[in-house]
Amino acid sequence: MELLLALVPMFAWGSIGLVSGKLGGSANQQTMGMTVGALIFSTVTFLILQPTMNWTVLFVGIITGLFWSMGQNGQFHGMKYMGVSIGLPISTGMQLVLNTVAGAVFFHEWQKGRDFVFGSLALACLILGSYLTARQDGSETPKTEASMFDFQKGFKALIYSTIGYGSYTILINAAHQDPWAIILPQSVGMVLGACLFTLRKEPLWSKAATKNMVSGLLWGLGNICMLLTMQKLGLAISFSLSQMGIIISTLGGIFILGEHKTKKELRYVVAGCLFVILGGIILGYMKA
């Protein structure tokens, strides 16, 4: 049951880049709309379940929400420069390295030799899969929606994003707070962070931000499922399974958003998706 729940973020988060790409708007507008959508989801959930709230939950929630907004804003910028089908796999690979190593080293989730063997193999498959889905054959320049391909700027944005996302997941895992209680202050921190990014460059609210509230509802669903499974499966496994959404986002970026790929790059994508699936299967086998 926990493994099935752990796959919900894969579908929910894997669809966010596609939904935001279709809805349009700048990276800051997408972040703003997404965080407000997440706040609505969290508020409704909190009112229905009425979990216990205390100062620790409030503090950890707001801080992790700020780190998340940093991660998401950087990822949206990375996808703008590189396209969804390139930017998201690279972002996923960077996050997998950071969070899986953190789970294994800092939280001691790998206890036996078997854990290290299979965990390392799974991590290698996931990283190789992420690399292959983003690989180019060099014969053509990829076309993003905004025709602004810049790999260097996109990669810098994804480094910034990985630091934010990594801090968010590691702190959440270390805090051991009630997932149902923490999502509301967390979403408040997300909105505060989005306001800081948006106010520097453009109006606080826009039509594009309103549309992107849909992606916030998707994120809220995926987030609560990951927080619940993190308590059962640990950070290394739950986060890695959630990132299998690159299969959806990569193929969707090509066939739904129309991002150009050569025949060789399409073969790389198929091979990369297969490696990601294999990595997820190995992680599931570890827990079983």
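Note that residues are indexed from 1 along each chain, following the sequence as it is written. In view of the model being predicted, local features appear only for residues whose pLDDT reaches at least 70, and side-chain atom pairs are presented and counted only at 80 or more, with totals across whole chains, interfaces and linings using the full set of residues. To obtain the side-chain values, all non-hydrogen atoms of the structure were used and water was disregarded.

A. A look at the overall build of the chain. Each helix is a run of DSSP H or I of at least 4 residues and each strand a run of E of at least 2, with the numbering of both proceeding from the N terminus. Counting its regular elements, the chain contains 14 helices and 0 strands. For the chain, the N- to C-terminal ordering of α and β elements is α-α-α-α-α-α-α-α-α-α-α-α-α-α. Computed over the C-alpha atoms, the radius of gyration of the chain is 18 Å, within 12% of the 19 Å expected from 2.2 N^0.38 for a compact globule of 288 residues. Judged by the C-alpha coordinates and their principal axes, the chain covers about 55 × 55 × 30 Å. Relative accessibility under 20% of the residue-type maximum defines a buried residue, over 50% an exposed one, and the middle range a partly exposed one, all with a 1.4 Å probe and only protein chains included. A burial count over the chain gives 56% of its 288 residues as buried. Look at the contacts in the chain between residues 6 or more apart in sequence, and 90% of them connect residues 24 or more apart. Summed over its atoms, the accessible surface of the chain is roughly 12500 Å², and 70% of this surface lies on carbon and sulfur atoms. Of note, the chain has its 18 positive side-chain charges centred 3 Å away from the centre of its 11 negative side-chain charges. We compute the radius of gyration from the C-alpha atoms alone; for a globule the expected value is 2.2 Å times N to the 0.38, where N is the number of residues. Any two residues having at least one pair of non-hydrogen atoms within 4.5 Å are treated as being in contact. The protein chains shown are the only cover counted for residues, whose accessible areas, like all others here, come from Shrake-Rupley with a 1.4 Å probe. By the counting rule applied here, Lys and Arg register as positive and Asp and Glu as negative, while His and the ends of each chain are not counted. By convention, the point assigned to a charge is CZ for Arg, NZ for Lys, CD for Glu and CG for Asp.

B. Structural view of the packing of aromatic side chains. Working definition: rings of Phe, Tyr and Trp (its six-membered ring) pair if their centres are within 6.5 Å, and the pair is stacked with planes under 30 degrees apart, edge-to-face with planes over 60 apart, and tilted otherwise. Considering all chains together, one arrives at 3 aromatic pairs under this definition. With a centroid separation of 6.5 Å and 85 degrees between ring planes, the pair formed by tyrosine 160 and phenylalanine 197 is classed as edge-to-face. With tyrosine 160 in helix α8 (residues 151-175) and phenylalanine 197 in helix α9 (residues 179-199), this residue pair connects regions lying 37 residues apart in the sequence. Tyrosine 160 gets classed as partly exposed once you look at its relative accessible area, which sits at 34%. A residue is classified by how much of its surface remains accessible, and phenylalanine 197, at 10% relative accessible area, is buried.

C. Summary view of the UniProt feature "transmembrane region" (unreviewed entry) in the chain. UniProt positions are given in the numbering used here, feature names are shortened, and annotations may be inferred rather than shown by experiment. The feature "transmembrane region" (unreviewed entry), as annotated in UniProt, sits at residues 37-69, 81-104, 116-134, 155-174, 180-199, 211-229, 235-256 and 268-286 in this numbering. A helix fraction of 100% and a strand fraction of 0% characterise residues 116-134, whose end C-alpha atoms lie 27 Å from each other.

D. The arrangement of the pattern of salt bridges in detail. Each salt bridge in this description consists of a side-chain nitrogen of Lys or Arg and a carboxyl oxygen of Asp or Glu lying within 4 Å of one another. Under the counting rule described, the total for this entry stands at 1 salt bridge. A salt bridge links aspartate 115 to arginine 114; its shortest N-O distance comes to 3.7 Å. Take aspartate 115: its relative accessible area is 12%, and that puts it in the buried class. The exposure class of arginine 114 is partly exposed, given its relative accessible area of 34%.

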